[in-house]
Amino acid sequence: QLLDGPETGAMERFLGVNTQLGPEKEHADCLVAVYPGSHRENISLSSLPMVKAWTGTPNRLSREHREWPIIPEVVGSTPWPGGAAAKTSNFQNLSRVSEDRALSAHLLIRERRSAVAMDGRSSLGLEAFTRILGRLMPDRDHPVFCAVPGLNHVSIILFVHRVDGLAPGLYALIRHPDHEESLRGSFRADFSWTRPADCPDNLPLFTLSEGDFRETARQLSCGQAIAADGAFSLGMIARFDHAMSETGPGVYPRLFWESGLIGQMLYLEAEAAAVRGTGIGCFFDDEVHRVLGIDDHAWQSLYHFTVGGAVEDNRLQTTVAY
């Protein structure tokens, strides 16, 4: 159960990090109550025992630090306001992530790896591709997205390179019905917004522009070949102004929570499809906006990802843990 009620200051006092200073200061992100699945009593911070006094000193992580002043500035500018009701998350059905394919969720989770390079040759079948995208939709019973109810600010642009039965090009996956009108108004006027043939009717996938976007994808991701050499790559874009006006600056970290959940589903679904994925942390957000035609803060690029045939990394070894 996600405890949304306490604001950031209350959480930091409860966790005993409110007096920390310096580059190793810890920041409270959220409080989660974990209990047996049969338990359904809402828990609040006021119902938890408060620590009377904190003792000890946190271990020092490093003797050297590289200063990133923008990070504490952002943290200080985006506190969670609190006041929201507790939201119950349902994790009991995690084992059903892949039961319809007779796959073990536990095995997929343990074997999941990030690809260090893509082979530039492997393609993905249309059925596997649309299945992956379908698992990224925020259904209320989704075994991953139900972890944080109410995250519905992120949609996806896709650079399709090698998907059998689908023309290469730039596509959009609309993850919430309220997004489409806003995206159409923010994106370039010459995008086609057509529905690709042979895609499931219930998958809100739109063709924006057909063509070879491999070099565009590579350049947008800081020149990294993994963005061009996979079967497809994508960018997660957030409904930024709307989220800020609805919740305030405290929603900013949660836009990345939502992106992270999407990324984890991509990792697992890639493994289930016998390919591999990897997050792309370096990309030029302003250039992404330029390609799409975005000229304000209605939508903002947050994170990139790629899926395809991985080049085997011979440095990786598997050994018995104990």
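Preceding this section is the structure that the text describes.
Quick caveat, the model's predicted, so the values are computed rather than measured.

A. Inspection of the overall build of the protein chain at higher detail. Secondary structure assignment for the protein chain yields ten helices and eight strands. Taken over the C-alpha trace, the protein chain has a radius of gyration of 21 Å; the compact-globule value for 322 residues is 20 Å, and the two agree within 12%. The C-alpha extent of the protein chain, read off along each of the three principal axes, is 65 × 50 × 45 Å. Taking all 322 residues of the protein chain together, 43% fall into the buried category. Put simply, 77% of the contacts in the protein chain that link residues at least 6 apart link residues at least 24 apart. For the protein chain, the accessible area works out to roughly 17,600 Å², and carbon and sulfur atoms hold 51% of it.

B. Representation of the environment of Ala 238 in the model. Turning to its location among the elements, Ala 238 is positioned in strand E6 (residues 232–239). Between the C-alpha atoms of Ala 238 and His 297, which are 59 residues apart in sequence, the distance is 9.5 Å. Those residues within four positions of Ala 238 in sequence are excluded, and the remaining contacts are His 153, Val 154, Leu 255, Ala 298, Trp 299, Gln 300 and Leu 302.

C. Geometry of the nonpolar core. Judged by nonpolar contacts, the single largest core of 44 residues is most densely connected at Phe 129, Leu 158, Leu 173, Leu 205 and Phe 232. Those elements that provide at least two residues to this core are helix H4 (126–134), strand E2 (154–160), strand E4 (169–173), E6, helix H8 (240–247), helix H9 (252–272) and strand E8 (299–308). A total of eight residues in this core trace back to one element, the largest contributor, which is H9. With 24 residues, the next largest nonpolar core counts Phe 159, Leu 183, Ala 217 and Val 288 among its residues.

D. Local environment of helix H5 (residues 179–186). When we look at burial in H5, the residues that qualify are His 179, Leu 183 and Ser 186. All buried residues of H5 project into a common sector of 65° when viewed along the axis, lining one side. In this structure, H5 carries Glu 181 and Gly 185 as exposed residues pointing more than 90 degrees from its buried face. For H5, the elements touching its buried residues are E2, E6, helix H10 (285–292) and E8.

E. Quick peek at unusual backbone geometry. Look at Trp 193: it is not a glycine, yet its phi comes out positive at around 50°. The topology assignment puts Trp 193 in the loop between H5 and strand E5 (205–210). Unlike most non-glycine residues, Asp 198 shows phi in positive territory, near 70°. If you trace the backbone, Asp 198 turns up in the loop between H5 and E5. A residue is classified by how much of its surface remains accessible, and Asp 198, at 68% relative accessible area, is exposed.

F. Quick peek at a nonpolar patch on the surface. Residues Trp 68, Ile 70, Ile 71 and Val 75 make up a contiguous nonpolar surface patch of roughly 400 Å² in combined accessible area. Mapping Trp 68 onto the fold places it in the loop between helix H1 (8–15) and helix H2 (70–77). Classification of Trp 68 as exposed rests on a relative accessible area of 53%.

G. Molecular detail of the pattern of salt bridges. Under the defined criterion, the tally for this structure stands at twelve salt bridges. Glu 180 is the salt-bridge partner of Arg 184, the closest N and O atoms lying 2.9 Å from each other. Here the residue Arg 184 and the residue Glu 180 both occupy positions in helix H5, the gap between them amounting to four residues, near one helical turn. Glu 180 gets classed as partly exposed once you look at its relative accessible area, which sits at 26%. Taking the shortest distance from any N to any O, the salt bridge between Arg 276 and Glu 271 comes out at 2.9 Å. With relative accessibility at 24%, the residue Arg 276 sits in the partly exposed group. Residue class for Glu 271 comes out buried when judged on its relative accessible area of 13%.

H. Local environment of the sheet that holds E6. Ordered by their spatial adjacency, six strands build an open sheet running E5-E4-E2-E6-E8-E7, and the pairing between neighbours is antiparallel. Lying at the two open borders of the sheet, with one neighbouring strand each, are E5 and strand E7 (276–280). The average undirected angle you get between the axes of adjacent strands in this sheet is 25°. For E2 and E4, the ladder comprises five bridges, and the chain directions are antiparallel.

I. Region of the structure containing the pairing of E2. Buried residues dominate E2, accounting for seven of its seven residues. Bridging between E2 and E6 involves seven bridges; their strand directions are antiparallel. Its bridge partner lying in E6, Ile 157 is registered against Gly 235.

Each value, and the rule that gives it
Residues numbered from 1 in each chain as written. Predicted model: local features only at pLDDT ≥ 70, side-chain atom pairs only at ≥ 80, totals over all residues. Heavy atoms only, no water. Helix = DSSP H or I, 4+ residues; strand = E, 2+ residues; numbered from the N terminus. Rg over C-alpha atoms; globule rule 2.2 N^0.38 Å. Buried < 20%, exposed > 50% of the residue type's maximum accessible area, 1.4 Å probe, protein only. Contact = heavy atoms within 4.5 Å. Areas by Shrake-Rupley, 256 points an atom, 1.4 Å probe, with all protein chains shown as cover. Core = buried A, V, L, I, M, F, W, Y, C linked by side-chain atoms within 4.5 Å. Arc of directions from axis to C-beta. Patch = residues over 30% accessible without salt bridge, like charges linked within 9 Å, V, L, I, M, F, W, Y side chains within 5 Å. Salt bridge = Lys/Arg side-chain N within 4 Å of Asp/Glu carboxyl O. Pairing = 2+ DSSP bridges. Axes fitted to C-alpha atoms, helices over the stretch in contact; angles between N-to-C directions.

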